[in-house]
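Each chain, letter by letter, is given below.
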Amino acid sequence: MKRPKSKKPRKQRKFLYDAPLHLRRKMLAAHLSKELREKYKRRSMPLRVGDEVEVMRGEFKGKRGKVVKVDLKKYRVYVEGLKRKTSTGTEKLVPLAPSNLKITNLNLEDKRRVKILERKGIQVEAVAPPAEVKGE
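What you are looking at is a predicted structure, and each value in this text was computed from that prediction instead of being measured. (Residues numbered from 1 in each chain as written. Predicted model: local features only at pLDDT ≥ 70, side-chain atom pairs only at ≥ 80, totals over all residues. Heavy atoms only, no water.)

A.B. asks: With reference to specific residues and values, describe the pattern of salt bridges.
C.D. replies: What the rule picks out here adds up to 6 salt bridges. The closest approach of N and O atoms between Arg64 and Glu54, which form a salt bridge, is 3.2 Å. Here the residue Arg64 occupies a position in strand S4 (residues 64-71), and Glu54 occupies one in strand S3 (residues 52-55), the gap between them amounting to 10 residues. (Salt bridge = Lys/Arg side-chain N within 4 Å of Asp/Glu carboxyl O. Helix = DSSP H or I, 4+ residues; strand = E, 2+ residues; numbered from the N terminus.)

Encoded structure:
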């Protein structure tokens, strides 16, 4: 399924509603910070749980945190610590559009993500997941 070439909002909207998961993931991308942009020689990356982001627009502008959840169905990202009180008094995470976020630190525990960066010819040190200590 390719993005429609049509300029008609109706067809663009239909594509967003009907897009398959592998394309939705690409659409949930955010710009990299200047340091990361120079280091990895790319402007943006798809968001992933564990990435550290900074909010650039809206009520929470300037706040930083880790991505807790990426909602592919609603095209929204949830960041740790950014909560709002509901009418019942409980606190819920606030959904944010990825276009309003800037990635400040990448989660490189995923080997496939490291390969994506290495395709550009950039050497990346993959961060190994923490080793589990077995009880003796």
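A.B. asks: How would you explain helix H4 (residues 111-118) if you had to name every residue and give the values?
C.D. replies: Think of an α-helix as turning once every 3.6 residues; residues three or four places apart then point the same way. The set of residues buried in H4 consists of Arg113, Val114 and Leu117. Along the long axis of H4, the arc covered by the buried residues comes to 100°, so they all point the same way. Of the exposed residues in H4, the ones pointing more than 90 degrees away from its buried face are Lys111, Arg112 and Lys115. Its side-chain oxygen at 3.2 Å from the backbone nitrogen of Arg112, Asp110 defines the N-terminal cap of H4. (Buried < 20%, exposed > 50% of the residue type's maximum accessible area, 1.4 Å probe, protein only. Arc of directions from axis to C-beta. Polar contact = N/O pair within 3.5 Å; in protein donor to acceptor, adjacent residues only side chain to side chain.)

A.B. asks: Can you explain a positive patch on the surface? Please cite residues and give values.
C.D. replies: The grouping of Arg25, Lys26, Lys111, Arg112, Lys115 and Arg119 at the surface amounts to a positive patch. When contributions to the positive patch are tallied by element, the ones reaching two or more residues are helix H2 (21-27) and H4. Examining the composition of the positive patch, we find that 3 residues originate from one element, H4, more than from any other. Residue position: Lys111 is located in helix H4. (Patch = residues over 30% accessible without salt bridge, like charges linked within 9 Å, V, L, I, M, F, W, Y side chains within 5 Å. Areas by Shrake-Rupley, 256 points an atom, 1.4 Å probe, with all protein chains shown as cover. Lys, Arg positive; Asp, Glu negative; His and termini not counted. Charge placed at Lys NZ, Arg CZ, Asp CG, Glu CD.)

A.B. asks: So what's going on with the sheet that holds strand S7 (residues 101-105)? Residues and values would help.
C.D. replies: Strand order in the open sheet formed by 7 strands is S2-S1-S7-S3-S4-S5-S6, with mixed pairing between adjacent strands. Of all the strands in the sheet, just strand S2 (44-46) and strand S6 (91-96) have a single pairing partner and so form its edges. Sheet twist, expressed as the mean angle between neighbouring strand axes with direction ignored, is 50°. As judged from the 4 bridges shared by S3 and S7, these two strands associate in the antiparallel manner. (Pairing = 2+ DSSP bridges. Axes fitted to C-alpha atoms, helices over the stretch in contact; angles between N-to-C directions.)

A.B. asks: For the layout of surface pockets, give the residues involved together with the corresponding values.
C.D. replies: By rolling a water-sized probe across the atoms, one finds the places where empty space is left. A volume near 240 Å³ is recorded for the largest pocket. Contributing to the lining of the largest pocket are Arg25, Met45, Pro46, Leu47, Arg48, Val49, Val70, Leu72, Asp110, Arg112, Arg113 and Ile116. Among the secondary structure elements, those contributing two or more residues to the lining of the largest pocket are S2 and H4. Of the residues forming the lining of the largest pocket, the biggest block, 3 residues, is contributed by H4. Residue composition of the lining of the largest pocket, grouped by class: 7 nonpolar, no polar and 5 charged. (1 Å grid on protein atoms, 1.4 Å probe; cavity = no way out; pocket = protein on both sides within 12 Å on 5 of 7 lines; lining within 4 Å. Points joined across faces, edges and corners; volume = space filled by probe spheres on them. Nonpolar A, V, L, I, M, F, W, Y, C, P; charged D, E, K, R; others polar.)

A.B. asks: Account for the pairing of strand S5 (residues 76-85), naming residues and giving values.
C.D. replies: The side chains of a regular strand alternate between the sheet's two faces. As defined by bridge partners, S4 adjoins S5 across 4 bridges and the pair is classed as antiparallel. Note that in S5 the partner of Asp71 across the bridge is Arg76. Where S4 folds back on S5, the antiparallel hairpin that results is connected by 4 residues, among which Tyr75 adopts a positive phi of roughly 55°. Bridge analysis of S5 against S6 gives 5 bridges, and the strand direction is antiparallel. Across the sheet, residue Tyr78 finds its bridge partner in S6, namely Pro95. Where S5 hands over to S6, the hairpin turn is made up of 5 residues, of which Gly89 adopts a positive phi near 100°.

A.B. asks: How would you explain the environment of Val67 if you had to name every residue and give the values?
C.D. replies: Relative to the assigned elements, Val67 resides in strand S4. Spatially, the C-alpha atoms of Val67 and Gly81 are 9.7 Å apart, while their sequence positions differ by 14 residues. Filtering out sequence-adjacent residues up to four positions away, Val67 remains in contact with Leu47, Arg48, Val49, Gly50, Asp51, Val53, Val77, Tyr78 and Val79. (Contact = heavy atoms within 4.5 Å.)

These figures come from the coordinates and say nothing about function on their own.
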